[in-house]
Amino acid sequence: MIRQPANMIIGSILLIFIGGMALLALIWTPYDPAAIKLVARLKPPSPDYWLGTDEFGRDVVSRLMAGASQSMIVAVLTVALAITVGTITGLIAGYTRGLVDRILMVFSDALLAFPGTLLALGLMVISGPNKYGIILALGIAYSPSVLRVVRASVLSAREREYVEASRVIGNSEAATMFFHVLPNCIAPIVVLATSMFGWVVLAESGLSFLGLGVPPPAPTWGNMLSAARTYIEKAPWLGLAPGICISMTLLGINLLGDALRDRFDPRMEQR
Amino acid sequence: MHALSKYIAKRLLWTLPTLLIVAVMVFFLVRMIPGDPAQLILGDGASPEEVASLRTDLGLDQPVPVQFVYWLGNVIQGDLGQSISNGAAVLPLMLDRFQVSATIVLVAVGLATLIAIPAGLIAAWRQNDHVDIAVVAVSTLLMSVPSFWLGLVLLLAFGLKLGWLPVVGFVPFTENPWTAITYVILPVVTLMLIEVGVLTRMMRASAIEILRLEYVMHARAKGLSERKVLLRHVLPNAFAPTWTMIGLVLGGLLGGIAVLETVFTLPGLGRLLVDAIFARDYPVVQGCLLFTAVIYVIVNLIVDLCYPLFDPRVTAS
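Residues numbered from 1 in each chain as written. Chains lettered and ligands numbered in written order. Predicted model: local features only at pLDDT ≥ 70, side-chain atom pairs only at ≥ 80, totals over all residues. Heavy atoms only, no water.

## Considerations on the overall build of chain A
Within chain A, the regular secondary structure consists of 9 helices and 0 strands. For chain A, the C-alpha atoms occupy an extent of roughly 75 × 50 × 30 Å along the three principal directions. Evaluated residue by residue, chain A yields a buried proportion of 54% over its 271 residues. Within chain A, contacts between residues separated by at least 24 positions form 72% of all contacts whose residues are at least 6 apart in sequence. As displayed, chain A offers around 12,300 Å² of accessible surface, 70% of which is attributable to carbon and sulfur atoms. Charge centroids of chain A, computed over 20 positive and 17 negative side chains, lie 2 Å from each other. (Helix = DSSP H or I, 4+ residues; strand = E, 2+ residues; numbered from the N terminus. Buried < 20%, exposed > 50% of the residue type's maximum accessible area, 1.4 Å probe, protein only. Contact = heavy atoms within 4.5 Å. Areas by Shrake-Rupley, 256 points an atom, 1.4 Å probe, with all protein chains shown as cover. Lys, Arg positive; Asp, Glu negative; His and termini not counted. Charge placed at Lys NZ, Arg CZ, Asp CG, Glu CD.)

Right under this line is the structure:
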């Protein structure tokens with residue numbers, strides 16, 4: 001058994017905690033996260049409400065848990081979309097080269113000429129604030145980074161002997177690409193997907209904080225923070241909890257990302 | 001010198017198609033919003049005659065490529081249209097707001113760089129001992145905190161609980177420099193702390209790579225002091241990747257600290273864009289998207305042009 005580095009262990013614990021919260025919220029939360037109870041408005045943390053209640057008397061713990069599910073769903077779907085689109089286009093670009101490659105690269109360069117969140121913001125103008133709009137917008141915004149990574153791996157893999165060998169045996173181009181070229185791209189894709197997960201969580205919470213993300217009453221960490229801003233002096237617990245959740249998620253991802261990078265890229269090895 | 005000027009010329013030429021594509025994307029982004037562009041630009045209160053006359057002005061009866069060329073012509077002359085909400089010309093409005101964002105971003109990133117370079121260098125030099133672990137831990141933590149939350153927490157602590165600094169608002173520097181500073185301290189510190197995390201990690205990673213190279217060993221073997229090795233041999237080479245990172249960070253931030261501007265109610269460019277999105281003020285939305293993307297491209301261009309100063313190998317290849 002190889003000894004796991006500390007960042008891998010701490011990162012995994014943080015993510016398992018948040019992921020567990022998100023999964024549990026799908027079947028159970030202490031209270032209904034949407035239940036309005038005006039007699040219990042802005043209650044500080046107590047044995048009944050561990051992290052207090054918000055301006056509508058909704059339980060903060062329940063809302064944090066439901067928010068975790070929202071964030072995780074958005075992040076997983078966005079990363080999946082970006083990876084799928086980026087991998088397919090990257091494989092095509094790297095493998096065919098020529099004109100198709102050049103056209104795809106022009107598109108990806110253009111998308112990369114915008115800062116990621118700005119592009120997402122622009123696309124949100126078209127779709128309006130809703131969950132699927134964010135997934136589509138961020139998925140499109142992040143796919144060019146995947147395209148580049150995949151294309152680079154394909155370009156280096158396609159010249160190798162085993163790829164040549166696969167062709168010589170008479171495997172189809174598609175099979176060669178899928179079974180021999182693609183596996184080479186998996187390590188860099190995993191590393192990229194990990195950091196991307198973090199970007200999406202941050203971007204989604206930022207957009208929701210601005211009111212351009214997942215719209216209320218669905219709780220997300222971002223729109224909880226946005227609402228908490230108004231009551232920050234009277235009810236500081238409302239502003240602290242969602243931020244700690246976002247930070248824990250991002251810290252977990254950054255630590256895990258470091259650990260994966262160390263493992264897949266020996267040049268960056270830290271110990 | 002010949003290679004250098006060739007590098008510069010090539011890099012400048014490459015910017016043109018990028019800018020053109022950016023313009024195409026911004027143009028079509030707003031065209032993709034469901035509805036008649038003239039109606040969108042004039043808002044719901046416009047009469048059918050006004051809409052019809054703007055349709056002709058915008059050339060909406062012309063084919064789309066003609067419309068684009070017409071629009072681009074106006075943009076190049078600095079005419080980005082008028083705001084629907086208040087009729088102000090878009091370009092001066094944006095420049096005004098940009099000053100606020102740019103001041104905060106430049107000061108914050110500048111301070112962050114001054115902290116990150118020595119911190120990253122020392123961490124790399126003491127790799128794996130307690131100083132390094134502490135630097136990595138703190139910078140990873142800083143990098144993981146969302147700016148709008150850190151801002152909110154600092155606002156709660158220093159603005160509301162301690163009462164040291166004003167909580168909301170903004171005073172232009174020209175009006176009262178001292179008060180102006182008290183209003184921007186919190187946003188600048190918030191942004192600086194987060195960027196310190198990113199830049200320190202970058203600096204440390206590139207310094208570690210350089211420290212492994214043979215010429216560093218050679219410099220040490222010559223009997224140079226560690227100080228001289230670090231300052232003369234490691235710093236200049238390790239700075240190049242960090243410099244690229246600074247460019248990406250600056251380019252991204254200059255148009256996009258909307259969340260931070262929201263927390264501190266600052267009249268910056270990011271806030272202008274977000275408000276315009278809510279108000280369906282499409283000329284302003286279009287202008288802000290274009291302006292921000294162009295800034296991003298130009299900042300990255302400047303960064304690339306400065307690159308040979310730190311890494312002479314660039315021009316050679």
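Next, the rest of the story.
## Re the pattern of salt bridges
Scanning all chains against the criterion turns up 10 salt bridges over all chains. A network of salt bridges, in which partner residues are shared, links A:Asp54, A:Arg58 and A:Arg63. (Salt bridge = Lys/Arg side-chain N within 4 Å of Asp/Glu carboxyl O.)

## As for the packing of helix H8 (residues 221–228) of chain A against helix H9 (residues 236–264) of chain A
The packing of two helices is summarised by the inter-axis angle and the distance between the axes. Residue and element names in this part refer to chain A. Packing of H8 against H9 brings their axes to within 8 Å, and their N-to-C directions diverge by 150°. Between H8 and H9, the crossing angle belongs to the class labelled roughly antiparallel. Once H8 is placed against H9, the crossing between them reads as left-handed. Contacts between H8 and H9 involve Trp-221, Met-224, Leu-225 and Ala-228 on the former and, on the latter, Leu-238, Gly-239, Pro-242, Gly-243, Cys-245, Ile-246 and Thr-249. (Axes fitted to C-alpha atoms, helices over the stretch in contact; angles between N-to-C directions. Parallel < 35°, antiparallel > 145°, perpendicular 65-115°, else oblique. Left-handed = near helix turned anticlockwise from the far one by under 90°.)

## Regarding the interface of chain A and chain B
Interface size is commonly expressed as the accessible surface area that is lost when the partners come together. Counting residues at the interface gives 43 residues for chain A and 48 residues for chain B. Both faces combined, the contact of chain A with chain B buries some 3,800 Å², and carbon together with sulfur accounts for 74% of it. A per-residue breakdown of the area chain A buries against chain B is headed by A:Val125, A:Ile126 and A:Leu210, which together make up 15% of the total. Linking chain A to chain B there are 1 salt bridge. A salt bridge links B:Arg201 to A:Asp258; the shortest N-O distance between them is 2.7 Å. Elements represented by at least two residues in the side of chain A that touches chain B include exactly helix H3 (98–112), helix H4 (116–127), helix H7 (173–210) and H9 of chain A. Looking at the side of chain A that touches chain B, the element that brings in the most residues is H9(A), giving 13 residues. (Buried area = accessible area lost by both parts, 1.4 Å probe.)

## A word on helix H5 (residues 90–125) of chain B
Counting along an α-helix, one turn takes 3.6 residues, and residues three or four places apart therefore face a common direction. The end-to-end C-alpha distance of H5(B) is 50 Å, a good match for the 52 Å that 36 residues give at a rise of 1.5 Å each. The principal kink in H5(B), of about 25°, is found at B:Phe98. (Expected span 1.5 Å × (residues − 1). Bend = angle between axes of the 7 residues up to and from the residue.)

## Considering the confidence of the model for chain B
Summing up the model confidence of chain B, the mean pLDDT is 85 and the portion of residues at 70 or higher is 97%. Interface confidence for the predicted complex, expressed as ipTM, amounts to 0.86; the pTM equals 0.88. (pLDDT = per-residue confidence, 0-100.)

## Concerning a positive patch on the surface
All names here are of chain B. A grouping of Lys-222, Arg-227, Lys-228 and Arg-232 is seen on the molecular surface, where their side chains present a positively charged patch. Counting through the fold element by element, Lys-222 comes out in the loop between helix H9 (214–221) and helix H10 (226–254). For Lys-222, a relative accessible area of 56% corresponds to the exposed category. (Patch = residues over 30% accessible without salt bridge, like charges linked within 9 Å, V, L, I, M, F, W, Y side chains within 5 Å.)

## Looking at the environment of B:Leu152
Tracing the chain through its elements places B:Leu152 in helix H7 (residues 147–161). In the structure, B:Leu152 is positioned 38 residues away from B:Thr190 in sequence and 9.3 Å away in space, judged by C-alpha atoms.

## Remarks on the packing of aromatic side chains
Residue and element names in this part refer to chain B. Per the counting criterion, the structure on display carries 10 aromatic pairs over all chains. Consider the rings of Phe-27 and Phe-68, whose centres lie 5.2 Å apart with planes at 70°: the pair is edge-to-face. Of the two residues, Phe-27 is situated in helix H1 (residues 2–31) and Phe-68 in helix H4 (residues 64–76); the sequence distance between them amounts to 41 residues. Exposure remark for Phe-68: the relative accessible area of 12% places this residue in the buried category. (Phe/Tyr/Trp six-rings, centres within 6.5 Å; stacked < 30°, edge-to-face > 60°.)

## Describing the nonpolar core
In this structure, A:Trp221, B:Trp71 and B:Val234 are the most contacted members of the largest nonpolar core, which totals 161 residues. If we ignore the near neighbours within four places in the chain, the residues touching B:Trp71 are B:Ala23, B:Val26, B:Phe27, B:Gln286 and B:Leu290. If you look at the next biggest cluster of nonpolar residues, it comprises 5 residues, including B:Ala38, B:Ala46, B:Val51 and B:Leu60. (Core = buried A, V, L, I, M, F, W, Y, C linked by side-chain atoms within 4.5 Å.)

## Notes on the side chain of B:Arg271
Residue and element names in this part refer to chain B. Here Arg-271 shows up in helix H12 (residues 269–278). The exposure class of Arg-271 is buried, given its relative accessible area of 17%. Within the local environment of Arg-271, its side chain forms a polar contact with the side chain of Thr-262, the two groups lying 2.6 Å apart. (Polar contact = N/O pair within 3.5 Å; in protein donor to acceptor, adjacent residues only side chain to side chain.)

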